[in-house]
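Listed below are the residues making up each chain.
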Number of protein chains: 4
Amino acid sequence: MTKSGFAKEHLKSFIERIERLEEEKAALAADIREVYSEAKGTGFDVKIMRQVVRLRKLDTADRQEQDAILDLYLSALGMGRE
Amino acid sequence: MTKSGFAKEHLKSFIERIERLEEEKAALAADIREVYSEAKGTGFDVKIMRQVVRLRKLDTADRQEQDAILDLYLSALGMGRE
Amino acid sequence: MTKSGFAKEHLKSFIERIERLEEEKAALAADIREVYSEAKGTGFDVKIMRQVVRLRKLDTADRQEQDAILDLYLSALGMGRE
Amino acid sequence: MTKSGFAKEHLKSFIERIERLEEEKAALAADIREVYSEAKGTGFDVKIMRQVVRLRKLDTADRQEQDAILDLYLSALGMGRE
DNA sequence: CTGCCATTTTACCGGC
DNA sequence: GCCGGTAAAATGGCAG
């Protein structure tokens, strides 16, 4: 097989892996929509719920940043958590 | 437990389910990025790859749309597939 | 006139241009709705018509995407159309 | 020409009118984007500008509603503006 | 750090 | 008049 023939197969493999992963990702997105929908059916306000999720994500990010900073300080003091 | 206490638990449960799913989704996104990165390391052009993936998705969407339109026409003619 | 006074005027001008354009855009949206409505009055199914329009748009987008991909490949091969 | 042949032409005409209008609408959307872009180049914050536009639109809607209510009251009192 | 692209969110339109 | 779904806008994230 020629070199480019090999490359072609390789490319095809990459593309297919990506498409497989994107499919799973889309399935999860569908699941999430479904949960929101279910919540809505139980009387919750979806728009507000989305805000809650977003805020909690931000908080998490902040906390992780704080953790990272703490690690940095500890390392600087030769007290790394390992 | 009061009614609102119950609602609170219920909401918490919904939120947690969503957050769990979003985590998985984010993990998949990371996987996808990694595949692109790996492909790049093998010499492929990521920009082109993305376009290939997008085009293939578009083709699929197109086909589905054609199907949908056929269904609609059939329904409109009282010949729905049931 | 102060510098910020100038900026204020400038901003006002931008905003007004945008609002004027959005007005025109809204007018066109109204026109489109009217055409659909007229078609409906002539016995056509609006839902199907919308799908037809969507499909034709998709086809166009698809063709443009194919063109874009071709350009990319040519560029990647150092054979850009220039 | 048969009746359905006529309908076909009629439908085609509707579709084409719609597509023409949508093209113009898309062109305006592009113009708007361009104005934002220009404003950005002059140092304005696009995100804020969008908020401004949105708020002013709401105000307008409110004002129109107020006007409508006023008309209603005046009419009820036999004092229509006419 | 900038521009582009994907995802998300908002608004609209038709149907029930 | 509301609801569901669909299109448009807007925000956020990633590559270059």
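Residue positions are counted from 1 within each chain, in the order its sequence is given. The lettering of chains begins at A and the numbering of ligands begins at 1, in the order of writing. Local features in this predicted model are restricted to residues of pLDDT 70 or higher, and side-chain atom pairs are both shown and tallied only at a pLDDT of 80 or more, whereas totals for entire chains, interfaces and linings draw on every residue. With hydrogens and water stripped out, all remaining heavy atoms of the structure feed into the side-chain values.

**A closer look at the interface of chain C and chain B**
Buried accessible area, meaning the area lost when the parts come together, often serves as the stated size of an interface. Only heavy atoms enter the contact rule, under which two residues are in contact if any of them lie within 4.5 Å. Listed by partner, the interface residues are 17 residues for chain C and 17 residues for chain B. Buried area adds together the accessible area that both of two parts lose upon being put together, with accessible area traced by a 1.4 Å probe. Summing both sides of the interface, chain C and chain B together bury roughly 1700 Å²; the carbon and sulfur share of this comes to 69%. The largest per-residue losses of area from chain C upon contact with chain B belong to C:Ile48, C:Glu65 and C:Leu72, which jointly make up 31% of the total buried on that side. Salt bridges are defined by distance alone: a side-chain nitrogen of Lys or Arg within 4 Å of a carboxyl oxygen of Asp or Glu. The tally of links between chain C and chain B comes to two salt bridges. A salt bridge links C:Arg54 to B:Glu65; its shortest N-O distance comes to 2.9 Å. The definition of a polar contact used here is a pair of N or O atoms within 3.5 Å, where within protein one atom must be able to donate a hydrogen and the other to accept one, and adjacent residues in sequence count solely through side-chain atom pairs. Linking chain C to chain B there are two residue pairs in polar contact (both at pLDDT 80 or more). Taken together, the residues of the side of chain C that touches chain B break down into ten nonpolar, two polar and five charged. As a working rule, the residues Ala, Val, Leu, Ile, Met, Phe, Trp, Tyr, Cys and Pro are called nonpolar, Asp, Glu, Lys and Arg charged, and the rest polar, with Gly in that last group.

**What to know about the pattern of salt bridges**
Residues and elements named next belong to chain C. By the definition in use, this model includes 22 salt bridges over all chains. Residue Glu-24 is joined to Arg-20 by a salt bridge in which the shortest nitrogen-to-oxygen separation is 3.8 Å. Here Arg-20 and Glu-24 lie together in helix 1 (residues 3-41), a separation of four residues that amounts to about one turn. Put simply, DSSP marks the helices as runs of H or I at least four residues long and the strands as runs of E at least two long, and each gets a number from the N terminus on.

**A word on the protein's contact with DNA strand E**
The full set of residues close to DNA strand E is A:Lys25, A:Lys47, A:Arg50, A:Arg54, B:Lys25, B:Arg54, C:Arg33, C:Lys40, C:Val46, C:Arg50 and D:Lys40. The nearness test applies per residue and asks whether one of its heavy atoms lies within 4 Å of the molecule or strand. Sugar and phosphate atoms form 100% of the subset of DNA strand E atoms that lie within 4 Å of the protein. A:Arg50 places a side-chain nitrogen or oxygen 2.9 Å from a phosphate oxygen of DNA strand E. Within the side chain of C:Lys40, a nitrogen or oxygen atom sits 3.3 Å from a phosphate oxygen of DNA strand E. Of all the secondary structure elements, the ones that give two or more residues to the surface near DNA strand E are helix 2 (46-76) of chain A together with helix 1 and helix 2 (46-76) of chain C. With three residues, the top contributor of residues to the surface near DNA strand E is helix 2 of chain A. Of the residues belonging to the surface near DNA strand E, the class tally is one nonpolar, no polar and ten charged.

**A few points about the domain arrangement of chain A**
All names here are of chain A. What marks off one domain from the next here is an automatic or database domain assignment. Each assigned domain of chain A is listed with its residue range as follows: domain 1 (1-44) and domain 2 (45-82). Distance from the C-alpha centre of domain 1 to the C-alpha centre of domain 2: 28 Å. Listed per partner, the contact involves five residues of domain 1 and five residues of domain 2. Of the roughly 490 Å² buried at the junction of domain 1 and domain 2 (both faces included), carbon and sulfur atoms supply 72%. In terms of surface lost to domain 2, no three residues of domain 1 exceed Tyr-36, Ala-39 and Phe-44, which account for 87% of the buried area on that side. Our enumeration of links across domain 1 and domain 2 arrives at one residue pair in polar contact (both at pLDDT 80 or more).

**Re the protein's contact with DNA strand F**
Neighbouring DNA strand F are A:Lys40, B:Arg33, B:Lys40, B:Val46, B:Arg50, C:Lys25, C:Arg54, D:Lys25, D:Lys47, D:Arg50 and D:Arg54. Backbone atoms, meaning sugar and phosphate, make up 100% of the atoms of DNA strand F lying within 4 Å of the protein. At 3.3 Å from a phosphate oxygen of DNA strand F is found a side-chain nitrogen or oxygen belonging to B:Arg33. Within the side chain of B:Lys40, one N or O atom sits 2.9 Å away from a phosphate oxygen of DNA strand F. Elements that contribute at least two residues to the surface near DNA strand F include exactly helix 1 (3-41) and helix 2 (46-76) of chain B together with helix 2 (46-76) of chain D.

**Section: the side chain of B:Glu65**
As for its placement among the helices and strands, B:Glu65 is situated in helix 2. Sequence-distant contacts of B:Glu65, defined by excluding residues within four places in its chain, comprise C:Gln51, C:Arg54 and C:Leu55.

**Description of the interface of chain B and chain A**
Contact residues are listed per partner, giving 27 residues for chain B and 27 residues for chain A. For the pair chain B and chain A, the two sides together bury roughly 2800 Å², of which 77% comes from carbon and sulfur. Across the chain B-chain A interface, the total number found is six salt bridges. In this structure, the salt-bridge partner of B:Arg56 is A:Glu19, at a minimum N-O distance of 2.6 Å. Counting the contacts that link chain B with chain A gives five residue pairs in polar contact (both at pLDDT 80 or more). A per-element tally of the side of chain B that touches chain A places helix 1 of chain B first, with 20 residues.

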